[in-house]
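A look at the structure
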Amino acid sequence: MKALEGVKVLDFTHVQSGPTCTQLLAWFGADVIKVERPGTGDITRGQLCDVPDADSLYFTMLNHNKRSITLDTKNPRGMEVLWEMVKVCDVMVENFAPGVLDRMGLTWAKVHEVNPRMIVASIKGFGAGPYEDCKVYENVAQCAGGAASTTGFRDGVPLVTGAQIGDSGTGLHLALGIVTALYHRTHSGLGQKVDCAMQDGVLNLCRVKLRDQQRLDHGPLKEYSQFGEGVPFGDAVPRAGNDSGGGQPGRILKCKGWETDPNAYIYFITQAPVWEKICDVIGEPTWKTDPNYAKPPARLPRLNEIFGRIEEWTMTKTKFEAMDILNEYDIPCGPILSMKEIAEEKSLRETGTVVEVDHPKRGKYLSVGNPIKLSNSPSEVKRSPLLGEHTDEVLRDVLKLDEARIAAIVESGATGAVTRAAAE
Ligand code: COA
């Protein structure tokens, strides 16, 4: 039995943040029914397309294991069906712009009255405050949540990261909120509202930077390179390039081949307990006892020099050779892996973290499987649904509507032309 078997989710999500959340629930075994606009569906189906007439990877990689029903919620019959779904589902997840749900009449009060057990989970860009009405996409959240101002180099512009911490990160937060509310429901019998703002989700992931903001009141941040370079700190946490946080200074260093390979680099951490081993590996045994290098505080003002010397060593090795040597000594490090290398990595295929999925319109493609592994309920990645593929079966088998009612709904155009043709 899957962990969330028996949980029915009305998936009213689109683009990335919401679908990330409902995909996780589907992987854990929930029956996720995605409600989409007839004709177009989730806008990402047609964005960044690579194969003509097939759903994009943008869509397929975020909507595995779900069913799809097309429903025009601006059609009264469509709303009627939606309310039927509210009655039988356990969770509704949505990430529309602020106000959309209210305009549909799906207020929390009304939903709670119709189905007191239903959990209503929402993602918005911002929580209550000056920006609560704003529409938000990934990079806006990264900027508003403190990630951009603290990412990049001190002398460069703020940077956004490739990891989708605003969208996928918030989806992940929301999924935790939903399963927590489901657990609470087993005691209380009642559903509750779960809200997650993207700004908050990003800030939660930038927690260490708010820590540093307060440390700044008590003096310079000594593990930041700029301290060793003698550059004074301002009143806000600066961008720290590739410096690692915490008490274990780290950097990205060149490896053999860096002149032509943009990813021939390794992340190297000068963890204090293995300092002596580092000195031996790089050929500086006197640094083990030299008071200028022996202890972590003495090293902080000299990080550029120290990492320069370590880099002289890493440049003589490929990133994988360096990784093998350093790991023998328990020195924490990590190769900079390209997406190509990750896609081809055998061990990731074996754990199901990278999976090959077959799709009727686009053929085989790679996806990221469930990164969360449950020992008794392993996830199986199934292809994303075609637009409206399950409309008929949801109306019949989930909502248990009779033939006359289904005919009236289809006739009204609420489920769109495709379903009507199929029904005829
Ligand atoms: N049938 C008919 N209409 C539908 C529908 C359906 N099945 N599903 C949605 N709609 C309508 C809604 O009723 C709404 O119309 P209205 O504005 O007339 O009330 C509209 O489609 C959707 O609205 P919206 O959410 O504003 O879409 P958008 O494309 O303009 O904005 C976002 C996209 C992502 C910016 C916005 O949804 C948002 O800010 N979401 C919250 C934050 C978020 O999740 N952002 C990250 C996305 S990865």
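Given the structure is predicted, the values throughout are model-derived calculations rather than measurements.

Rules of the game
Residues numbered from 1 in each chain as written. Predicted model: local features only at pLDDT ≥ 70, side-chain atom pairs only at ≥ 80, totals over all residues. Heavy atoms only, no water. Helix = DSSP H or I, 4+ residues; strand = E, 2+ residues; numbered from the N terminus. Buried < 20%, exposed > 50% of the residue type's maximum accessible area, 1.4 Å probe, protein only. Contact = heavy atoms within 4.5 Å. Lys, Arg positive; Asp, Glu negative; His and termini not counted. Charge placed at Lys NZ, Arg CZ, Asp CG, Glu CD. Near = heavy atom within 4 Å. Polar contact = N/O pair within 3.5 Å; in protein donor to acceptor, adjacent residues only side chain to side chain. Areas by Shrake-Rupley, 256 points an atom, 1.4 Å probe, with all protein chains shown as cover. Axes fitted to C-alpha atoms, helices over the stretch in contact; angles between N-to-C directions. Parallel < 35°, antiparallel > 145°, perpendicular 65-115°, else oblique. Nonpolar A, V, L, I, M, F, W, Y, C, P; charged D, E, K, R; others polar. Patch = residues over 30% accessible without salt bridge, like charges linked within 9 Å, V, L, I, M, F, W, Y side chains within 5 Å. Salt bridge = Lys/Arg side-chain N within 4 Å of Asp/Glu carboxyl O. UniProt positions renumbered as here; feature names shortened; annotations may be inferred. Phe/Tyr/Trp six-rings, centres within 6.5 Å; stacked < 30°, edge-to-face > 60°. Lys NZ or Arg CZ within 6 Å of the ring centre and 35° of its normal.

What follows covers the overall build of the protein. Looking only at helices and strands, one finds 19 helices and 11 strands in the protein. The dimensions of the protein, computed from C-alpha atoms along their principal axes, are 85 × 45 × 40 Å. Buried residues in the protein amount to 45% of all 424 residues. A separation of at least 24 residues holds for 66% of the contacts in the protein among residues at least 6 apart in sequence. In the protein, the 48 positive side-chain charges and the 56 negative ones have mean positions that sit 2 Å from each other.

Before going further, it helps to spend a moment on the site of the ligand. Lining the immediate surroundings of the ligand are 23 residues, of which Arg37, Leu71, Lys74, Lys135 and Val136 lie closest. Between the ligand and lysine 74 there is a distance of 2.6 Å, counted from an oxygen atom to a side-chain nitrogen or oxygen. Lysine 135 has a polar side-chain atom sitting 2.5 Å from an oxygen atom of the ligand. Relative to its unbound accessible area of 940 Å², the ligand is 84% covered by the protein chains.

What follows concerns the packing of helix H3 (residues 76-88) against helix H18 (residues 403-412). A pair of packed helices is characterised by two quantities: the angle between their axes and the separation of those axes. For the pair H3 and H18, the least separation of the axes is 9 Å and the interaxial angle reads 135°. If you check the angle between H3 and H18, you find them oblique. Note on element contacts: H18 touches H3 through Arg405, Ala408, Ile409 and Ser412, opposite Arg77, Glu80, Val81 and Glu84. Of the residues assigned to the contact of H3 with H18, the class counts are three nonpolar, one polar and four charged.

Our next topic: a nonpolar patch on the surface. On the surface, Leu172, Ile372 and Leu374 cluster together into a nonpolar patch covering about 230 Å² of accessible area. By the element assignment, isoleucine 372 lies in the loop between strand E11 (363-368) and helix H17 (391-398).

With that settled, the discussion passes to the UniProt feature "active site" (unreviewed entry) in the protein. The positions that UniProt labels "active site" (unreviewed entry) are, in the present scheme, Asp167. In this structure, aspartate 167 sits in helix H7 (residues 167-188). Apart from the residues lying within four places of it in its own chain, the contact partners of aspartate 167 are Gln16, Ser17, Glu138 and Met198.

Another aspect to go through is the packing of aromatic side chains. Going through the model one piece at a time under the given rule, you end up with five aromatic pairs. Taking 5.2 Å as the distance between ring centres and 50° as the angle between the ring planes, the aromatic pair formed by phenylalanine 126 and tyrosine 131 counts as tilted. The exposure class assigned to phenylalanine 126 is buried, which follows from its relative accessible area of 11%. Pairing tryptophan 275 with tryptophan 287 gives two aromatic rings, centres 6.3 Å apart and planes at 5°, and the pair type is stacked. Here tryptophan 287 lies in the loop between helix H11 (275-282) and helix H12 (296-299) and tryptophan 275 lies in helix H11, a separation of 12 residues in the sequence. By the burial criterion, tryptophan 275 is buried, and tryptophan 287 matches it. Feature note: the residues Trp275, Trp287 and Tyr293 constitute an aromatic cluster, connected by ring pairs. In this arrangement the basic side chain of lysine 110 is found over the ring face of tryptophan 83, its NZ or CZ atom lying 4.6 Å from the centre. Against the face of tyrosine 365 rests arginine 362, its NZ or CZ located 5.8 Å from the ring centre.

A few words now on the pattern of salt bridges. Under the definition given, this model contains 29 salt bridges. Residue aspartate 195 is joined to lysine 193 by a salt bridge in which the shortest nitrogen-to-oxygen separation is 2.8 Å. Classification of lysine 193 as partly exposed rests on a relative accessible area of 33%. Residue aspartate 358 is joined to lysine 364 by a salt bridge in which the shortest nitrogen-to-oxygen separation is 3.9 Å. With relative accessibility at 46%, the residue aspartate 358 sits in the partly exposed group. With a relative accessible area of 57%, lysine 364 lands in the exposed category. Within the structure, one salt-bridge network assembled from shared partners comprises Arg77, Glu80, Glu84, Lys87 and Arg405.

We now examine the side chain of serine 384. Considering the arrangement of structural elements, one finds serine 384 in the loop between E11 and H17. The class of serine 384 is buried, set by a relative accessible area of 0%. If we skip the residues at most four places from it in the chain, serine 384 touches Phe59, Thr60, Asn63, His64, His359 and Tyr365.

We now examine the packing of H7 against helix H8 (residues 198-205). Running from N to C, H7 and H8 cross one another at 95°; their axes reach a closest spacing of 9 Å. With respect to each other, H7 and H8 are oriented roughly perpendicular. On the side of H7, the interface is formed by Asp167, Thr170 and His173, while H8 contributes Met198, Gly201, Asn204 and Leu205.

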